[in-house]
Amino acid sequence: MQANGFFDDVGETIGEVIRGVVEFLLGIFTNLFGAFDEFIDGLTRSLGISDSFFSIVVLIIGVLILWGGLRAFFRGSIIGGIIQTLLGLFILSWLMM
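What counts and what doesn't
Residues numbered from 1 in each chain as written. Predicted model: local features only at pLDDT ≥ 70, side-chain atom pairs only at ≥ 80, totals over all residues. Heavy atoms only, no water. Helix = DSSP H or I, 4+ residues; strand = E, 2+ residues; numbered from the N terminus. Expected span 1.5 Å × (residues − 1). Phe/Tyr/Trp six-rings, centres within 6.5 Å; stacked < 30°, edge-to-face > 60°. Axes fitted to C-alpha atoms, helices over the stretch in contact; angles between N-to-C directions. Parallel < 35°, antiparallel > 145°, perpendicular 65-115°, else oblique. Left-handed = near helix turned anticlockwise from the far one by under 90°. Nonpolar A, V, L, I, M, F, W, Y, C, P; charged D, E, K, R; others polar.

Asker: Can you break down helix α1 (residues 6–47) residue by residue, with the values?
Answerer: Here α1 spans 62 Å end to end across 42 residues, near enough to the 62 Å set by a 1.5 Å rise per residue. Residue Gly48 follows α1 closely and has a positive phi angle near 80°.

Right, dumping it as structure tokens:
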């Protein structure tokens, strides 16, 4: 009786390939999420805000409103640009206090 037959070798090879693919993907996603975590940590530390989900969402909203104000200035809408820029600056300054 043969202990290591043909199908045993094929099963072992397929298992090693699957394990290699899983380890490769795990390494990629671990590095990707690690880089994202370090980016968020550096961003929040430099701004002096907490790294909570709420703070990140408020930061994104404030930057988008500020960007909308600058776009309004480029379109020639001075009053709309002033209102959006002041609102964006108010939100960002409130967040950084």
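Asker: Report on the packing of aromatic side chains, specifying residues and quantitative values.
Answerer: What the rule picks out here adds up to 2 aromatic pairs. Relative to Phe7, the ring of Phe6 has its centre 5.3 Å away and its plane inclined at 70°; by these criteria the two rings are edge-to-face. The interplanar angle of 25° and the centroid separation of 6.3 Å between the aromatic rings of Phe29 and Phe33 together place this pair among those described as stacked. Linking Phe29 with Phe33, this pair stays in helix α1, spanning 4 residues, or about one helical turn.

Asker: For the packing of helix α2 (residues 53–75) against helix α3 (residues 78–96), give the residues involved together with the corresponding values.
Answerer: The geometry of a pair of packed helices is captured by two quantities: the angle between their axes and the separation between those axes. Closest axis-to-axis distance for the α2/α3 pair is 7 Å, and the angle between their directions is 160°. As judged from the angle between their axes, α2 and α3 are roughly antiparallel. Crossing hand, α2 versus α3: left-handed. Residues of the contact of α2 with α3, tallied by class, amount to 17 nonpolar, 9 polar and no charged.

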